[in-house]
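Take a look at the letters that make up each chain.
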Amino acid sequence: MRIVLVGPPGAGKGTQAAFLARNLSIPHISTGDLFRANISQRTDLGKLAKSYMDAGNLVPDEVTIGMAKDRMEQPDAENGFLLDGFPRNVSQAEALDEMLRTESMKLDAVLDLEVPEEEVVKRIAGRRICREDSSHVFHVTYSPPKQDGVCDVCGGELYQRDDDSEETVRKRLEVYHTQTEPIIDYYKTQGLVVTISALGKVDEVTARAMEALQRDE
Ligand code: AP5
Ligand code: ZN
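Bear in mind that the values here come from a model prediction, so they are computed numbers and not experimental data.

## Quick notes on the site of ligand 1
The immediate surroundings of ligand 1 are formed by 36 residues, with P9, G12, G32, G85 and R127 found nearest. Counting only elements with at least two residues in the shell around ligand 1, the list comes to α1 (13–24), α2 (31–40), α3 (44–55), β6 (137–139) and α9 (202–216). Looking at the shell around ligand 1, its residues break down into 13 nonpolar, 16 polar and seven charged.

Quick look at the structure:
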């Protein structure tokens, strides 16, 4: 299956993607995680991306599309993938369509996670992620680690993302509404969008998502 996950910052895309990718046996490809890995490895791409991410803006398409394409061309993504955080504007969606067309492939579904803004703010304020791997995600209240400040998965140190400050979150939400939401209409014209509520416990949302994807087949 080839799936795009879309939803506001803090909706739980990364959290759900980890479970869905495992259930569906496809790799979870997060452009945010790829940028954060570049930042921690201090690559040139990481340095460039950080300045945009810390301001809550999108990293320019020229670098983002190339990075996403390279990842999608890895052998483990041959039979499908779950994209989290890409595409994030209409020109990225068009580039993805073009990429798939040249390989005679197509998307199966665009899963749209709906969450009210006040919940998103609570989820982001309590989020803590792992220094070693930013896909290891916790929440101080909703999914606390067994030991304060320590990742359950790998023992790494937990910290608050630099772009999770109140001011940057406001900017990220604005960017989501103006630049990312239009891709939902773009994919609606292709009949690909399945919208679910992302409220409730993590496993309830996963079950809802799996049910919606199977119904859509
Ligand atoms: P990215 O990392 O993609 O951030 P985002 O889209 O803002 O999404 P988040 O990671 O904030 O949230 P999420 O929906 O994954 O929620 P999570 O599962 O962590 O992008 C960051 C930046 O990189 C962008 O701003 C941009 O600069 C750049 N970038 C990335 N992709 C790009 C692209 N394609 N083009 C250009 N620039 C790009 O959950 C949040 C919290 O809630 C966690 O603490 C979690 O434990 C908790 N939680 C999750 N589910 C539940 C639940 N059901 N109940 C209670 N708590 C829950
Ligand atoms: Zn970890």
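## Some thoughts on the UniProt feature "binding site: AMP" (unreviewed entry) in the chain
Per the UniProt record, the feature "binding site: AMP" (unreviewed entry) sits at T31, R36, N57, L58, V59, G85, F86, P87, R88, Q92, R161 and R172. Taking the farthest pair of C-alpha atoms as the criterion, the annotated set spanning 142 residues is dispersed, since that pair is 24.6 Å apart. Assignment of secondary structure puts T31 in helix α2. A tally of 22 C-beta atoms within 10 Å means that T31 is categorised as buried. For T31, the contacting residues outside a window of four places in its chain are T64, M67, A68, G85 and F86. Along the chain, F86 turns up in the loop between β3 (81–84) and α5 (90–102). Leave out the neighbours within four places in its chain, and F86 touches T31, A68 and Q92.

## Comments concerning the sheet that holds strand β8 (residues 193–197)
Ordered in space as β2-β3-β1-β4-β8, the five strands form an open sheet in which the pairing is parallel. Two strands close off the open sheet at either side, each with one partner strand: β2 (28–30) and β8. In this sheet, adjacent strand axes meet at a mean angle of 25° when their direction is disregarded. Where strand β4 (residues 109–114) and β8 come together, five bridges link them in parallel fashion. If you follow D112 over to β8, its bridge partner there is T195. Docked against the sheet, α1 engages β1 (2–6), β2, β3 and β4, running at close to 175° with respect to β3.

## A few points about α2
Three or more residues of α2 are buried, namely T31, G32, L34, F35 and R36. In this structure, the buried residues of α2 make contact with β2, α3 and α4 (61–72). Downstream of α2 by one or two residues, R42 has phi in the positive range, about 55°.

## Notes on unusual backbone geometry
Working note: non-glycine residues mostly have negative phi, and peptide bonds are mostly trans. The step from F86 to P87 runs through a cis peptide bond, and the omega angle for that step is -5°. Checked against the element boundaries, P87 lands in the loop between β3 and α5. Although it is not a glycine, S25 adopts a positive phi angle of roughly 55°. For S25, the location among the structural elements is in the loop between α1 and β2. Under the C-beta neighbour-count criterion, S25 is labelled exposed, with 9 such atoms within 10 Å. Positive phi outside glycine occurs at S104, with the angle close to 55°.

## Considerations on the UniProt feature "domain: Guanylate kinase-like" (unreviewed entry) in the chain
Per the UniProt record, "domain: Guanylate kinase-like" (unreviewed entry) is found at residues 1–214. Secondary structure content for residues 1–214 is 48% helix and 15% strand, and the end C-alpha separation is 11 Å.

## Details of the nonpolar core
I3, V4, L5, L82, L83, V110 and L111 are the most contacted members of the largest nonpolar core, which has 30 residues in total. Residues contacting V110, with those up to four places away along its chain left out, are V4, V6, Y187, L192 and V193. Listed in part, the six residues of the second largest apolar core include C130, F138, C151 and L158.

Analysis parameters
Residues numbered from 1 in each chain as written. Chains lettered and ligands numbered in written order. Predicted model: local features only at pLDDT ≥ 70, side-chain atom pairs only at ≥ 80, totals over all residues. Near = placed C-beta within 6 Å. Helix = DSSP H or I, 4+ residues; strand = E, 2+ residues; numbered from the N terminus. Nonpolar A, V, L, I, M, F, W, Y, C, P; charged D, E, K, R; others polar. UniProt positions renumbered as here; feature names shortened; annotations may be inferred. Buried ≥ 20, exposed ≤ 12 C-beta atoms within 10 Å, placed from the backbone. Contact = placed C-beta atoms within 7 Å. Pairing = 2+ DSSP bridges. Axes fitted to C-alpha atoms, helices over the stretch in contact; angles between N-to-C directions. Core = buried A, V, L, I, M, F, W, Y, C linked by C-beta atoms within 7 Å.

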